[in-house]
Amino acid sequence: MAGVATEERDGVALSSLDSPLGDDLGVTKRQLVDYLDAVAERLVPQLAGRPLSVKRVRPGQPPFMQRNVSKGAPDWVRTAPMWSEGSHREIHQVVCDDRRTLLWLGNQRAVELHVPFFRIGNPEPTGLVLDLDPPEGADFSVVVATAHLVRQALQGAGLAGAVKTSGSKGVHVVVPVTGSPGEDVAAATRALAARTAALDTDLATTAYLLEDREGRVFVDSTRSGQATIVAPYSPRLRPGLPVSFPVAWDALEDVRPGDVTVTTAPGLLGDDDPWARALPDPQRLPAELVAEGHAIPVARVQAMHEGKRRKRAREATSTEG
C-alpha cells in the first residue's frame, strides 16, 4: 500500500517513506530521508557535539519546534542535559554525531536542524553570525548588497567569514572565532552589525523593532549565547524543501534562497563540501571591536524597554484624549 513503505538503513527502521512529508510541501518523507542520507558526510560535522533543536512536521498538523528528545528514542541516540529557559527545567537534547542518528531524525520528520555556536561541555563560542533579514516583499538583491557590506565591515576588522543562504528569505554570514567568552563574542557581533549598517544607512539597519526598520534590511546580531541558527545543508520547512546552502562571495548575485532544494542539492554538490571549503580558520576577535560592542546595548533588551515606553506613551495619549 502506498505510504507504508518500510526499509532499514544503518540499523534504522524507516517507515511510511512514500507518504507526504507534510501538508503542501510537495515532497515525500522518502525525499527528505534520501537527501539527509546523501549529505550526511557534510551535514553531520556541522551538528556533531552540539545540542540540537529540530523543527518537525506531520501531515494534518502545524510544524513544531522540538528540543527535548522524543519519548521512545533508541538508547543509542546520544543526548545532552540542557537547561531550558522556556520551560524552566532540564531537558535532554539530541546530539547528532553520526549518520544513524541523522537517519533516525529524518524518520521522525525532523526537517530543520538548528545548532548553537558552542559544543557540549565547552561554553566558549566557536563562531558568530550576522543574519540578514530583508523587509517584506523586497527583492533579494538588497540582501546581497547588505551581505557585501558585512564583508566590508569584517575586512575592516581584520576578519573573514563565509556566507550561506538561510533557505528562507535571507542569508547568514558566519565567522569562526576562538579564544573569547560568550559575552565578548556577542559584543563583537553587535559592533560588526553597527559597522555594517553605518556603511549604508539607507539600505541596512540594526533596529530590532519592525516598525523602526523603514523598509531596510535587518542586520540581526542577536544569535549568540544559547541562540541557534539553521545548520548549513539543513532543509527548511517551505514548499519543495529548500536548503540552507553555501554560496561563494562572488556568486551571491546569481542565487536566490529557494533555488536549491532537497531534490537538487545532492547533484549540485557531487563530492564537494563547499561550506567546509569556504569557512576560514577560527579567528581571534580584535580587542577594540569587542570594546566597541560592549558599549552597544543588547538589541532585545533595548527593544523590550523601548516597547514598554511606547506603550506607556500611547496609553497616556489615549487617557488624555
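The rules behind each value
Residues numbered from 1 in each chain as written. Predicted model: local features only at pLDDT ≥ 70, side-chain atom pairs only at ≥ 80, totals over all residues. Heavy atoms only, no water. Pairing = 2+ DSSP bridges. Helix = DSSP H or I, 4+ residues; strand = E, 2+ residues; numbered from the N terminus. Contact = heavy atoms within 4.5 Å. Axes fitted to C-alpha atoms, helices over the stretch in contact; angles between N-to-C directions. Core = buried A, V, L, I, M, F, W, Y, C linked by side-chain atoms within 4.5 Å. Buried < 20%, exposed > 50% of the residue type's maximum accessible area, 1.4 Å probe, protein only. Phe/Tyr/Trp six-rings, centres within 6.5 Å; stacked < 30°, edge-to-face > 60°. Expected span 1.5 Å × (residues − 1). Salt bridge = Lys/Arg side-chain N within 4 Å of Asp/Glu carboxyl O. UniProt positions renumbered as here; feature names shortened; annotations may be inferred.

(A) Looking closely at the sheet that holds strand β8 (residues 127-133). In space, the 6 strands of this open sheet follow the order β11-β12-β8-β10-β9-β14, with mixed pairing throughout. The open sheet terminates on both sides in strands that have one partner only, identified here as β11 (204-205) and β14 (246-247). The sheet contact formed by strand β9 (residues 162-165) and β14 spans 2 bridges and is antiparallel. Note on β14: the bridge partner recorded for Val163 is Val247. With respect to the sheet, helix α5 (residues 182-199) is in contact with β8, β11 and β12 (217-220), its orientation differing from that of β8 by roughly 35 degrees.

(B) Main features of the sheet that holds strand β4 (residues 64-66). Taken in spatial order, the 4 strands make up an open sheet running β4-β3-β7-β13, and their pairing is antiparallel. The sheet terminates laterally at β4 and β13 (228-230), the two strands that pair on one side only. Taken pair by pair, the neighbouring strands of this sheet meet at an average axis angle of 30 degrees, ignoring direction.

(C) Examining the nonpolar core more closely. Formed by 45 residues in total, the largest nonpolar core has its most connected members in Leu43, Leu47, Leu52, Leu102 and Leu113. Among the elements of the structure, β2 (12-14), α1 (29-38), α2 (40-47), α3 (99-107), β7 (110-116) and α6 (265-269) are those that each provide at least two residues to this core.

(D) Summary view of the environment of Arg89. Its location among the elements puts Arg89 in strand β6 (residues 89-94). Looking at Arg89, the relative accessible area reads 42%, which means it is partly exposed. With residues near it in sequence (within four places) discarded, Arg89 still touches Asn68, Met82, Trp83 and Ser84.

(E) Quick peek at the packing of aromatic side chains. This model, assessed by the stated rule, comprises 2 aromatic pairs. An angle of 80 degrees between the planes, with centres 6.1 Å apart, marks the rings of Tyr208 and Phe218 as edge-to-face. Of this pair, Tyr208 sits in the loop between β11 and β12 while Phe218 is found in strand β12, placing the two residues 10 residues apart along the sequence. Residue classification places Tyr208 among the partly exposed positions, given a relative accessible area of 28%.

(F) Up close: helix α4 (residues 141-156). Along its 16 residues, α4 runs 23 Å from first to last C-alpha, staying within 8% of the 22 Å computed at 1.5 Å per residue. For α4, the full list of buried residues reads Val143, Val144, Thr146, Ala147, Leu149, Val150, Ala153 and Leu154. Looking at the packing, one finds that the buried side of α4 touches β8, β10 (171-176), α5, β11 and β12. Looking one or two places after α4, you find Gly158, whose phi comes out positive at around 75 degrees.

(G) Focus on the pairing of strand β5 (residues 79-84). Side chains Ala80, Met82 and Ser84 project from β5 onto a buried face, and the interleaved Thr79, Pro81 and Trp83 project onto a face without burial. In terms of strand pairing, β5 meets β6 through 6 bridges, oriented antiparallel. Across the sheet, the residue bridging to Ser84 is Arg89, located in β6. Remark: 4 residues form the turn of the hairpin made by β5 and β6, two consecutive strands paired antiparallel; His88 in that turn has positive phi of roughly 55 degrees.

(H) The pattern of salt bridges, seen in detail. For the structure shown, the criterion picks out 18 salt bridges. One salt bridge connects Arg213 with Asp133, and the closest N-O pair in it is separated by 3.9 Å. Residue Arg213 is found in the loop between β11 and β12, and its partner Asp133 is found in strand β8; the two are separated by 80 residues along the sequence. Look at the salt bridges and you will find they share partners, linking Glu7, Arg9, Asp10, Asp18, Arg30, Asp34, Asp37 and Arg99 into a network.

(I) Inspection of the UniProt feature "domain: DNA ligase D polymerase" (unreviewed entry) in the protein at higher detail. As recorded in UniProt, the feature "domain: DNA ligase D polymerase" (unreviewed entry) lies at residues 28-275. The straight-line gap between the two end C-alpha atoms of residues 28-275 is 27 Å; of that span, 27% is helix and 22% is strand.

(J) Highlighting the environment of Ser84. Along the chain, Ser84 turns up in strand β5. Exposure remark for Ser84: the relative accessible area of 13% places this residue in the buried category. Put simply, Ser84 and Gly26 are 58 residues apart on the chain and 34 Å apart in space, counted from C-alpha to C-alpha. When residues no more than four places from it in sequence are discounted, the contact partners of Ser84 are Arg89 and Ile91.

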